[in-house]
There are 2 protein chains.
Amino acid sequence: MNSAGYLVNNMARLLVEVLRKRIAPLGIVPGQFPALLALWEKDGLTQKELLALLDIEQATLANTLTRMERDELITRKEHPADARARTIHLTDQGRSIRDSAYQTAMQINEEVLADLSEQEAHAFLDYMRRVIGKIKDIESP
Amino acid sequence: MNSAGYLVNNMARLLVEVLRKRIAPLGIVPGQFPALLALWEKDGLTQKELLALLDIEQATLANTLTRMERDELITRKEHPADARARTIHLTDQGRSIRDSAYQTAMQINEEVLADLSEQEAHAFLDYMRRVIGKIKDIESP
DNA sequence: TAGCATTGCATAGCTCACTATGTAATAGTA
DNA sequence: TACTATTACATAGTGAGCTATGCAATGCTA
């Protein structure tokens, strides 16, 4: 129970549950976070454009967007030029939680790294990026 | 998209998909791995005993065990002394994949850490353990 | 321009995590 | 001993990821 894989998985699960608890009052769930971050930056994207900004599969995003629509965080409008596509727009609700959500996320990041020195935290992020890079080219020639 | 939380989550998802692909030929899936590891160590545990060895919730384990039974990796027998409990036993199939599974997991761990030096890899695991420890006491006084 | 290929998105079905709750069986106690 | 509490496990329902597949609209080309 000390392998890298086990630790990574365990850490991710614990983290997502912390995030879930902290953002629950805002009426959002962890899976909606990446899409919200992107939409706070730029509203009115199509699903395809949004997808290009996120590291998830198209089907996962489609389902997440459906839940976000149900939760009244976004609306989807028909694309003016392409009837297959729809543009995605934040509701007032979706827009209004931006600052609190950002703050919550930053706060959690700070807290969980608090036992590492600045250098250690920096190294930790660097290692993760390198490991992610490595995993990505393991299963792609 | 460079926060610790995002990186951890991304890394975990990538890793689990690598594991999934590599162990598919053995007829198992990533969620079954921790339970298998424990049962390879000691067969015939009750669900409660197994649960104590794993970092998942009871309901998650119950569902995982049901899938493992369906996949003919384990069988469940009535407990000799307590009719509420059942003991969990590996099938021949479940037992036979042990070495290949171990090897696959170790191989992946090695590969994904291959771009880190020995010291870096060691530090990386250490940081993860510390972060995990920190997260655990964030939401418990 | 008719037909085929591609594209954008949705849906189905799976895993695997969670919380909440139900159901027996066992244990403890008035 | 008859209740009540606790325990062991199962089930229901949700989120969030995945692959595979479907469907309609668009684009390309013979």
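Below or above, wherever it landed, is the structure these notes cover. (Residues numbered from 1 in each chain as written. Chains lettered and ligands numbered in written order. Predicted model: local features only at pLDDT ≥ 70, side-chain atom pairs only at ≥ 80, totals over all residues. Heavy atoms only, no water.)

## Observations regarding the layout of surface pockets
Spelled out, the test is: Definitions used for this entry: grid spacing 1 Å over protein atoms alone; cavity, a set of points where a 1.4 Å probe fits but cannot get out; pocket, an open set with protein on both sides within 12 Å along at least 5 of 7 lines; lining residue, one with an atom within 4 Å of a point. Grid points are joined across faces, edges and corners, and a volume is the space filled by probe spheres set on the points. Secondary structure elements follow DSSP: runs of H or I no shorter than four residues count as helices, runs of E no shorter than two count as strands, and numbering proceeds from the N terminus. As a working rule, the residues Ala, Val, Leu, Ile, Met, Phe, Trp, Tyr, Cys and Pro are called nonpolar, Asp, Glu, Lys and Arg charged, and the rest polar, with Gly in that last group. Annotation comment: domain bounds sourced from an automatic or database domain assignment.
Counted as a void, the largest pocket has a volume near 1,400 Å³. Lining the largest pocket we find 41 residues, and of these Pro34 of chain A together with Tyr6, Asn9, Asn10 and Arg13 of chain B sit closest to its centre. The set of elements that each furnish at least two residues to the lining of the largest pocket consists of helix 1 (4-23), helix 2 (33-41), helix 4 (58-70) and helix 6 (98-112) of chain A together with helix 1 (4-23) of chain B. Here the element with the most residues in the lining of the largest pocket is helix 1 of chain B; it accounts for eleven residues. Empty space within the second largest pocket amounts to approximately 1,100 Å³. Along the wall of the second largest pocket there are 38 residues; nearest its centre are Tyr6, Asn9, Asn10 and Arg13 of chain A together with Pro34 of chain B. Elements with a minimum of two residues in the lining of the second largest pocket: helix 1 of chain A together with helix 1, helix 2 (33-41), helix 4 (58-70), helix 6 (98-112) and helix 7 (118-138) of chain B. In terms of residues, the lining of the second largest pocket owes the most to one element, helix 1 of chain A, which gives nine residues. Class assignment of the residues belonging to the lining of the second largest pocket gives a composition of 20 nonpolar, ten polar and eight charged. Each of domain 1 (1-27 + 97-141) and domain 2 (28-96) of chain B accounts for three or more of the residues forming the lining of the second largest pocket.

## Focus on the protein's contact with DNA strand C
Test applied: For this purpose, a residue is taken to be near a molecule or strand whenever a single non-hydrogen atom of the residue falls within 4 Å of it. Any pair of nitrogen or oxygen atoms within 3.5 Å is treated as a polar contact; in protein, a donor-acceptor pairing is required on top of that, and neighbouring residues in sequence qualify only through side-chain atoms on both sides.
Residues in close proximity to DNA strand C total 26 residues, the closest being Gln47, Lys48, Arg84 and Arg86 of chain A together with Gly31 of chain B. Separating a base oxygen of DNA strand C from a side-chain N or O atom of arginine 84 of chain A is a distance of 2.7 Å. Note that a phosphate oxygen of DNA strand C is positioned 3.0 Å from one of the backbone N or O atoms of glutamate 57 of chain B. By residue class, the composition of the surface near DNA strand C is eight nonpolar, six polar and twelve charged.

## Overview of the packing of aromatic side chains
Going by this rule: Aromatic contacts are taken between Phe, Tyr and Trp rings whose centres are within 6.5 Å, Trp giving its six-membered ring; a plane angle under 30 degrees counts as stacked, one over 60 as edge-to-face, and the others as tilted. Think of it in three bands: with a 1.4 Å probe and only protein chains considered, a residue is buried below 20% of the maximum accessible area for its type, exposed above 50%, and partly exposed in between.
On inspection of all chains with the given rule, the structure shows eight aromatic pairs over all chains. Ring geometry for phenylalanine 33 of chain A versus tryptophan 40 of chain A: centroids 6.3 Å apart, planes at 90 degrees, classification edge-to-face. For the pair shown, phenylalanine 33 of chain A and tryptophan 40 of chain A are each scored as buried. With 5.7 Å between their ring centres and 35 degrees between their planes, tryptophan 40 of chain A and tyrosine 102 of chain A make a pair best called tilted. Of the two residues, tryptophan 40 of chain A is situated in helix 2 and tyrosine 102 of chain A in helix 6; the sequence distance between them amounts to 62 residues. Its relative accessible area of 7% is what places tryptophan 40 of chain A among the buried residues. Joined through ring pairs, the aromatic side chains of Phe124 and Tyr127 of chain A together with Phe124 and Tyr127 of chain B make up one cluster.

Honestly, that's just the spatial picture; any functional story needs more than this.
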